Structures are given as structure tokens and as C-alpha cells.
Amino acid sequence: MILRNQSIAHLNTFGLNATANLYCEIESIAALQSVWKSNLLVQSSPLILGGGSNILFTQDYPGLILLNKLKGKNIIEEDENALLVSVSAGENWHETVLWAVKNGWGGIENLSLIPGSVGAAPIQNIGAYGAEIEQVLVFVEAFDFDTGQVVQLSHSDCQFGYRDSYFKNEGKGRYFITAVGMRLQKNPTVNVGYGDIQAVLERKNMSQPGIADVSAAIIEIRQSKLPDPALLGNCGSFFKNPIVPVATLAFIQQHHPEVKSFPAQAGFVKLPAAWLIEQCGWKGFREGDAGVHEKQALVLVNYGTAKGTEIIALAKKIQQSVLDTFQVSLEMEVNRV
Ligand SMILES: Cc1cc2nc3c(=O)[nH]c(=O)nc-3n(C[C@H](O)[C@H](O)[C@H](O)COP(=O)(O)OP(=O)(O)OC[C@H]3O[C@@H](n4cnc5c(N)ncnc54)[C@H](O)[C@@H]3O)c2cc1C
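Bear in mind that the values here come from a model prediction, so they are computed numbers and not experimental data.

Enquirer: Go over the overall build of the protein chain, please, and point to the residues and values.
Expert: Within the protein chain, the regular secondary structure consists of 7 helices and 20 strands. In terms of C-alpha radius of gyration, the protein chain reaches 21 Å, essentially the compact-globule figure of 20 Å for 337 residues. Of all 337 residues assigned to the protein chain, the portion counted as buried reaches 40%.

Enquirer: Help me get a handle on the site of the ligand, residues and values and all.
Expert: Taken together, 33 residues lie near the ligand, and Gly50, Gly51, Gly116, Gly119 and Gly236 sit nearest. Of all the secondary structure elements, the ones that give two or more residues to the shell around the ligand are β3 (47-49), β8 (127-128), β12 (175-185) and β13 (233-237). Classifying every residue of the shell around the ligand gives 18 nonpolar, 15 polar and no charged.

Enquirer: Residues and numbers for the sheet that holds strand β19 (residues 299-302), please.
Expert: Sheet architecture is open: 4 strands sit in the order β13-β19-β18-β17, paired in antiparallel fashion. The strands lining the two open edges of the sheet, one partner per strand, are β13 and β17 (286-287). In terms of strand pairing, strand β18 (residues 290-292) meets β19 through 3 bridges, oriented antiparallel. Bridge assignment links Gly291 to a residue of β19, and that residue is Val301. Across the sheet, helix α7 (residues 308-326) touches β17, β18 and β19, and the angle it forms with β19 is around 150°.

Enquirer: Any chance you could break down helix α4 (residues 211-225) for me, citing the residues and the numbers?
Expert: The α-helix advances 3.6 residues per turn, and as a result positions three or four apart in sequence lie on the same side. The terminal C-alpha atoms of α4, which comprises 15 residues, lie 21 Å apart, in line with the 21 Å expected from a rise of 1.5 Å per residue. Buried within α4 we find Ile211, Val214, Ser215, Ala217 and Ile218. Projection of α4 onto a plane perpendicular to its axis shows the buried side chains occupying an angular sector of 165°, all on one side. Away from its buried face, by an angle of more than 90 degrees, α4 presents the exposed residues Gln223 and Ser224. For α4, the secondary structure elements touched by its buried residues are α2 (93-102) and α3 (197-203).

Enquirer: Can you lay out the nonpolar core for me, pointing to particular residues and giving the numbers?
Expert: Membership of the largest hydrophobic core comes to 93 residues, with the highest contact counts inside it found for Ile65, Leu66, Val180 and Leu300. Considering each element in turn, this core owes the most residues, 7 residues, to β12. For Leu66, the residues in contact, after removing those within four places along its chain, are Cys24, Ile26, Val35, Pro46, Ile48, Leu49 and Phe176.

Conventions we followed
- Residues numbered from 1 in each chain as written.
- Predicted model: local features only at pLDDT ≥ 70, side-chain atom pairs only at ≥ 80, totals over all residues.
- Helix = DSSP H or I, 4+ residues; strand = E, 2+ residues; numbered from the N terminus.
- Rg over C-alpha atoms; globule rule 2.2 N^0.38 Å.
- Buried ≥ 20, exposed ≤ 12 C-beta atoms within 10 Å, placed from the backbone.
- Near = placed C-beta within 6 Å.
- Nonpolar A, V, L, I, M, F, W, Y, C, P; charged D, E, K, R; others polar.
- Pairing = 2+ DSSP bridges.
- Contact = placed C-beta atoms within 7 Å.
- Axes fitted to C-alpha atoms, helices over the stretch in contact; angles between N-to-C directions.
- Expected span 1.5 Å × (residues − 1).
- Arc of directions from axis to C-beta.
- Core = buried A, V, L, I, M, F, W, Y, C linked by C-beta atoms within 7 Å.

Right under this line is the structure:
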């Protein structure tokens, strides 16, 4: 059913007030096909919404918003070591992680508690705690708005990069992702080398942790560091960690020998954007209802009635001050509409 002038304030985790001119919930591929056959897409391409946890509305949406409600999980292949699962795109990502962990299937436990839908996960190649979805992703199934057909894209078709994929570039606006195929391991080895995971496990006296222990540790760390969008509007990391030439790192080290850096392609390093923002004095900053989270400088927050344009204005000031101070350009991670 197509609705007009629908509020989408409760459908984005920033809690931004906006309306969709046209709005439709998609519960089946047949529903997508009938939207495609109608003349609704003639005026403008549709905007697909999952959990609304990586999107910032700066205005009412003039076209059609399709809310993804495709559900289902299937095992496609299985042997003694691994299984290939296909998860419908409207399934909740974190619940899918918990489902895998409960069954003892490893590969996505480090991505615990990332909000949003399964279908959005490949869009920015979600990542956290030393893992990215591309490490387990085998295929993406998608409805192609150019042809009206459901197609399968392979891992290499997806052109994954750091918080990046084909769907954010050449494929942008062309596909409605309907399902994601992932290979999960039946005898998984855990990955505890990142951040505070090891410290939390040691505190709990876990010398031989399994995937459920790693998932629980990551949930605990994330809950202690990140604001819960149900309580304080946000979209997680607002900026990507910048990848800069090693000469830029050397420049920063002249005044800040303590700066951390992480490996990237030859001649480049990845810098922690949160550190750069914090050094410029933005942590805990608030202007009206738009602010920078007091515990995590990478997270911009809406204290109540901030507009999307106010959050963007704050983000631009942060970008400028990091550029002036460190000669580093910060790229926004969040999708703007
Ligand atoms: C507290 C918090 C913590 C977070 N932590 C992380 C983190 O650790 N790592 C990380 O990578 N991200 C993180 N995020 C960002 C976010 O959770 C992910 O990017 C997630 O994948 C977004 O899913 P969603 O369903 O909410 O997408 P939405 O916000 O609904 O959509 C995001 C984009 O994808 C498009 N899209 C959505 N679904 C589809 C589909 N089925 N087909 C085609 N296009 C689609 C939308 O049009 C939009 O452009 C965090 C966000 C929050 C609020």
C-alpha cells in the first residue's frame, strides 16, 4: 500500500523529523515488482530504508521511500566445516549475528550490536573489531531497478573497500538488495586481537574464548562506549577514519608523537578520526541540539530537535578544523539525503 506524506522520524536513528512524499513497506519481491511496474518510479528513483541507522535527512524526501521488510533465513549448502546461509535483507543485523552465534557458526561475531538491516550491511561493507562483512560474504541478491529482474552479484562484483562498495558508487540507486549470502564456519577460530576484546576476556578469566564469549565482550564494550540511539539520536561513526600519506603522519608526529596509526596500502596509513577530532577540542561540544558525543568524538548526536542541516553544519566545522590543524580531510561516512 502506498501512503502519502508519511512521517519517517521514527525510521531514522538520528530521530530527525522528515516526511516521505510517498511511502511503501516491502514485504515480498512481488511487492517490489508491482512498484516497479507502476509509474511511481517515473518521477524519481526510490530511496530504500532499512533500520535508518546510517542516514541523515536534511529535508523531506520528495519521492518514494521503500521500507525493507523482507524476512527469512535459509541454509543453502552445508558440509562438515561450513555452511552457506542466505538471509533476507529486512532481517535485523544484530539478531542475525546472535542467531549465528547461538548455532555455533562463526564469522560475524565481531560485528555484534551493529544496528540496522542485513540488506544495508554490504552497502558500506560494515566493519568493527577487526572484521568486515566482506570476509564472509559470498553473494548479494538484488532487485535491479533498470531491468525489473532479481540478480545475483558475486563478492567481486561488490567491489568492497573500507566502508565502501559498488553500491555506494556505480551501482548507487540501481538495486534493492533483497538477500545476502554468507559463508559461516562450524569450527571457528576467534579473532580477539582488536581493541579491548582481549582485556575484557582476561577480566572474565576466559583463556579459551568461543564465539559467544567474543560476541558478549564486544557487546559489553560497545554498550560502554557508544550512545544507544533509542536514548540519544545518532548514526554511529559520522566520519571515516582517513587514509593519509605517511608524510602526513610524520607531520602530525612532530607535535603529537603519541598519535596512533594503522596499516593501509603501501605509502599510506589509517588515522583514528576520533583522535583528530578530539585534539581539535570538539569532544562533548554542543550547539543547540546538535553535538559531539561526550565519550566518543566520532559520533555526532541529536539531543532532541536538531535539524539535519544543523548536524551537517557542525560536521563541516569539524572537517575544517581538522583540515586546518592536521592537513587531513575527513570524509563523512553517513549517507545524506
Ligand atoms: C550506534 C551505532 C553504531 C554503529 N556502529 C557501526 C559499526 O561499528 N560499523 C559500521 O560499519 N557501521 C556502524 N553503524 C552504521 C550502521 O549501523 C550501518 O551502516 C548499517 O549497515 C546501516 O543499516 P540500516 O539498515 O540502518 O541502513 P539505512 O540507514 O536504512 O540505510 C543506509 C544506506 O543504505 C541504503 N540501503 C539500505 N537498505 C538497502 C537495501 N536493502 N538495498 C539497497 N540499499 C539499501 C539506504 O538507501 C542508505 O543509503 C552504526 C550506527 C549506529 C547508530
